[in-house]
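Tertiary structure, described
Here's the letter readout for the chains.
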Amino acid sequence: MAVQRGVLFQEKVSRLLSKQHGRPVLKPNKPLVLKDEVANRRVKRGGASCVTEISVLMACWKQNSFVESVCSAEMKAFYSCVDEAQAAKKNTSELSGVQGERLPPKQATLLLKRFPTLRTEI
């Protein structure tokens, strides 16, 4: 079904670009082919984890003149949060091989250069 829609779309675009019925409806200012590279943008990182726990720990240190023994409960909470965040990151990195996830720009450019698109328009 999706292949049929793609074919119908290509036919419609080629009909709009053709000069068969006089002037073409679409007049592209650039060729209608994909480039062999993508923009080299930074991959967005996830938000910072355990921010509230470190804030509570630092507030405790400040109130108690940086005596660590008084703030042991806050330290345990922070370290447990860090352990959970590292475990979650490890699980997501193991699942990164799953198809459907976005490729980094460098890897996408490498694949596009290895398998370039056809340089002819529709």
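Below you will find a few notes about this structure. Keep in mind that this is a model prediction, so the values were computed, not measured. (Residues numbered from 1 in each chain as written. Predicted model: local features only at pLDDT ≥ 70, side-chain atom pairs only at ≥ 80, totals over all residues. Heavy atoms only, no water.)

Turning to the nonpolar core, a few remarks are in order. Core analysis: the biggest nonpolar cluster contains 7 residues, these being C50, L57, C60, C71, M75, F78 and C81. Elements supplying a minimum of two residues to this core: α2 (51–63) and α3 (72–94). The greatest single-element share of this core, amounting to 3 residues, is contributed by α3. Those residues in contact with F78, other than ones at most four positions away along the chain, are C50, E53, I54 and L57. (Core = buried A, V, L, I, M, F, W, Y, C linked by side-chain atoms within 4.5 Å. Buried < 20%, exposed > 50% of the residue type's maximum accessible area, 1.4 Å probe, protein only. Helix = DSSP H or I, 4+ residues; strand = E, 2+ residues; numbered from the N terminus. Contact = heavy atoms within 4.5 Å.)

This part takes up the state of the cysteines. Tallied over the full model, the rule gives 2 disulfides. Put simply, C50 and C81 are joined by a disulfide, and their sulfur atoms are 2.0 Å apart. The S-S bond linking C50 to C81 shows a torsion near -100°; that makes this disulfide left-handed. Taken together, the residues C50 in the loop between α1 (2–17) and α2 and C81 in helix α3 connect sequence positions 31 residues apart. The buried category is assigned to C81, whose relative accessible area is 13%. The connectivity of the disulfide bonds within the chain can be written as 1-4, 2-3, using the sequence rank of each bonded cysteine. (Disulfide = S-S within 2.5 Å.)

Residues L103, L111 and F115 make up a contiguous nonpolar surface patch of about 300 Å² in total accessible area. Within the secondary structure layout, F115 lies in the segment after α4 (105–114). (Patch = residues over 30% accessible without salt bridge, like charges linked within 9 Å, V, L, I, M, F, W, Y side chains within 5 Å. Areas by Shrake-Rupley, 256 points an atom, 1.4 Å probe, with all protein chains shown as cover. Salt bridge = Lys/Arg side-chain N within 4 Å of Asp/Glu carboxyl O.)

Let's shift gears to the packing of aromatic side chains. Each aromatic ring pair is summarised here by two numbers: the centre-to-centre distance and the angle between the ring planes. The full count for this structure, using the stated rule, is 1 aromatic pair. An angle of 50° between the planes, with centres 5.7 Å apart, marks the rings of F78 and Y79 as tilted. For Y79, a relative accessible area of 49% puts it in the partly exposed group. (Phe/Tyr/Trp six-rings, centres within 6.5 Å; stacked < 30°, edge-to-face > 60°.)

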